[in-house]
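So the chains spell out like this:
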Amino acid sequence: MTDALTQLRSMQAADLPVNGGRTLAYVYDSGLPDIDRIGREAVAAYAGSNGLDPTAFPSLLRMENEVVGTAADLLDAPESVVGTVTSGGTESVLLAVQAARDAHRGIERPRMVLPSTAHAAFHKAAHYFGVEPVLVPVGPDFRADPAAMAAAMDERTVLVVASAPSYAHGVVDPVTAIAAAAAERGIRCHVDACIGGWVLPYATRLGRDVPAWTFAVEGVTSISVDLHKYAYAPKGTSVLLHRTPELRRPQFFASAAWPGYTMLNSTMQSTKSGGPLAGAWAVMRSLGDEGYERLARDVFEAVDRIRAGVEEMPELAVVSTPDSTLLALTTDGSCDPFTICDEMAVRGWYVQPQMSFAGSPATIHLSVSAATLPHVPELLAALDEAVAAAVAAGPVAVDPAVATFIGDLDPFSLSEEDFDGLLLAAGLVGAAGAEGDPSTSSGHRLALPQRMAEVNAMLDLASAAMREALLVAFLDRLTRPTRRR
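Since the structure is predicted, the reported quantities are computational estimates derived from the model, not experimental observations.

Conventions and cut-offs
- Residues numbered from 1 in each chain as written.
- Predicted model: local features only at pLDDT ≥ 70, side-chain atom pairs only at ≥ 80, totals over all residues.
- Heavy atoms only, no water.
- Pairing = 2+ DSSP bridges.
- Helix = DSSP H or I, 4+ residues; strand = E, 2+ residues; numbered from the N terminus.
- Axes fitted to C-alpha atoms, helices over the stretch in contact; angles between N-to-C directions.
- Contact = heavy atoms within 4.5 Å.
- Buried < 20%, exposed > 50% of the residue type's maximum accessible area, 1.4 Å probe, protein only.
- Phe/Tyr/Trp six-rings, centres within 6.5 Å; stacked < 30°, edge-to-face > 60°.
- Salt bridge = Lys/Arg side-chain N within 4 Å of Asp/Glu carboxyl O.
- Patch = residues over 30% accessible without salt bridge, like charges linked within 9 Å, V, L, I, M, F, W, Y side chains within 5 Å.
- Areas by Shrake-Rupley, 256 points an atom, 1.4 Å probe, with all protein chains shown as cover.
- 1 Å grid on protein atoms, 1.4 Å probe; cavity = no way out; pocket = protein on both sides within 12 Å on 5 of 7 lines; lining within 4 Å.
- Points joined across faces, edges and corners; volume = space filled by probe spheres on them.
- Nonpolar A, V, L, I, M, F, W, Y, C, P; charged D, E, K, R; others polar.
- Parallel < 35°, antiparallel > 145°, perpendicular 65-115°, else oblique.
- Left-handed = near helix turned anticlockwise from the far one by under 90°.

Engineer: Could you give an account of the sheet that holds strand E5 (residues 188–192), with specific residues and numbers?
Structural biologist: Read from one edge of the open sheet, 7 strands run E1-E7-E6-E5-E4-E2-E3, paired in mixed fashion. Lying at the two open borders of the sheet, with one neighbouring strand each, are strand E1 (82–86) and strand E3 (132–136). Neighbour to neighbour, the strand axes of the sheet diverge by 20 degrees on average, direction disregarded. Where helix H4 (residues 89–102) meets the sheet, it contacts E1, strand E2 (111–115), strand E4 (157–163), E5, strand E6 (222–226) and strand E7 (238–242), and its direction lies at approximately 25 degrees from that of E7.

Engineer: So what's going on with the environment of Leu241? Residues and values would help.
Structural biologist: Counting through the fold element by element, Leu241 comes out in strand E7. Judged by relative accessible area, which is 0%, Leu241 ranks as buried. Residues Leu241 and Val85, spaced 156 residues apart in sequence, show a C-alpha to C-alpha distance of 8.9 Å. Residues in contact with Leu241, not counting those within four places in the same chain, are Val68, Ala71, Ala72, Leu75, Val81, Val82, Gly83, Phe215, Thr221, Ser222 and Ile223.

Engineer: How would you summarise the packing of aromatic side chains if you had to cite specific residues and measurements?
Structural biologist: Evaluated as defined, the whole model comprises 7 aromatic pairs. Between the aromatic rings of Trp198 and Tyr292, the centroid separation amounts to 5.9 Å while the plane-to-plane angle is 70 degrees, which identifies the pairing as edge-to-face. With Trp198 in the loop between E5 and helix H8 (200–205) and Tyr292 in helix H10 (residues 275–311), this residue pair connects regions lying 94 residues apart in the sequence. Among the residues examined, Tyr292 registers a relative accessible area of 4% and is labelled buried. An aromatic cluster is defined as three or more aromatic residues linked by ring pairs; in this entry it consists of Tyr28, Tyr230 and Tyr232.

Engineer: For the pattern of salt bridges, give the residues involved together with the corresponding values.
Structural biologist: The full count for this structure, using the stated rule, is 25 salt bridges. Glu66 is the partner of Arg62 in a salt bridge, and the nearest nitrogen-oxygen pair spans 3.0 Å. Taken together, the residues Arg62 and Glu66, both in helix H3 (residues 58–74) and 4 residues apart, mark about one turn of the helix. For Glu66, a relative accessible area of 23% translates into the label partly exposed.

Engineer: Hey, could you go over a nonpolar patch on the surface for me, with residue numbers and the actual values?
Structural biologist: Side chains of Leu5, Leu8 and Met11 sit close together on the surface and give an oily, nonpolar patch of about 300 Å² of accessible area. Residue classification places Leu5 among the partly exposed positions, given a relative accessible area of 44%.

Engineer: Break down the layout of surface pockets for me, with residues and values.
Structural biologist: Considering only enclosed or pocket space, the second largest pocket measures out at about 870 Å³ in volume. Around the second largest pocket, the lining comprises 42 residues; the ones closest to its centre are Leu61, Glu64, Thr84, Val85 and Ser266. The element best represented in the lining of the second largest pocket is H3, accounting for 8 residues. For the lining of the second largest pocket, the residue count by class is 18 nonpolar, 17 polar and 7 charged.

Engineer: Kindly report on the packing of H4 against helix H5 (residues 121–129), identifying the contributing residues and their values.
Structural biologist: Orientation of H4 relative to H5, taken along the N-to-C sense of each, is 45 degrees, at an axis distance of 9 Å. Here H5 runs oblique to H4, going by the angle between their axes. For the crossing formed where H4 meets H5, the hand is right-handed. Between H4 and H5, the residues in contact are Thr90, Val93, Leu94, Val97, Gln98 and Arg101 and Ala121, Phe122, Lys124, Ala125, Tyr128 and Phe129, respectively. Class assignment for the residues of the contact of H4 with H5 results in 8 nonpolar, 2 polar and 2 charged.

Engineer: Account for the packing of helix H11 (residues 337–346) against helix H15 (residues 453–461), naming residues and giving values.
Structural biologist: Between H11 and H15, the shortest axis-to-axis distance is 8 Å and the interhelical angle comes to 150 degrees. If you check the angle between H11 and H15, you find them roughly antiparallel. Relative to H15, the crossing made by H11 is right-handed. Counting all contacts with H11, which are made through Phe338, Thr339 and Asp342, the residues of H15 involved are Ala453, Asn456, Ala457 and Asp460. Looking at the contact of H11 with H15 residue by residue, the class counts come to 3 nonpolar, 2 polar and 2 charged.

The following block contains the structure:
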């Protein structure tokens, strides 16, 4: 047992750090060791508890109702509000779409209206539930266009979506106008506040200019907000709130069509560990309202300092004035974002590359945490050095033959041989490796590169459909079983 734990710690050393404020995607760090400890101990204490039956584990029911109540207070919800704790933002989004679809069973081919910046989870919901996504272009500030959204609504529309904020650019959509247009037509309006929902209310308290987006806006029928982001809870917890019980009811699933117990679920999961819920409850109780306001003050100070520092770098620019804690940076063409991301990694910082989309160039994404504030000078120094290194290297170039190869591929009939050829061209394969290594169909070892700029540049050349096909093939190769025979 001890050897297994030792091995776990050894393997974890190769992962991105989850503390220290240097990972600006995937994790959200309060910078408070005691809060991390409390959350993890609570997760461990409830790891064996099962949220399938709330009557069997009444402490889980109590915690869920209290967590939802706290979220309702924060988001200006009416007394009629109800909510559910889910495993994360994607599950909250899936349930919002599924509930909207099932509330209109008479509509054979339901649709939902999305700004083009809406999170990919809505496309996943469309794929799972057969709800057609109607994508509406956003304005030059990357915010949804209310008039265009209204024009896209029709008799088949079951849901309209707005973001608070959008992940890619960190801006809040004009929810008031979008929700009003939806309400006028009797359509549900969901606000995806998964990444901003727990920090934007405090931004408003701190005097920052944030567009209205909560249940205080008439016509908003549901909101999703993640607790494992800026509530700084352990992974993975989110809350889906509905304005009334009637709006939530289609979300529930029940089945007595078998000889076992009658299944009753409020989420996509049946059996689910009580650990994440207990971790969220414990962190929320420990921080309290004042603690969250203090953390919000820190994270927004960090955002402002980073933005000011970027403005001093002529090669970089902030894509859109952020409403929340997310920044998207673009370059002036003297260097490319992908090389900058690599150079930041060399200096101990993880920032996320974002591909070009709909005529907009590739960008660098930063999700800032409260723990980043003490390290902003180091971050800006590393960014300055990374930009200089990227300028010296020049924009990454894809071999013309490789670019032609990518252009000739059909994403809908991508073969094992096609993918092997691209891996070889990208330098992602080596000689046959040790037993258990992910391999190509020809037996070569699939090697994860230390630098990703050229790989990202190749993906950036590909169409959206080809990019998806290539990444699915890559994930398939990575996730092959390790046999112990």
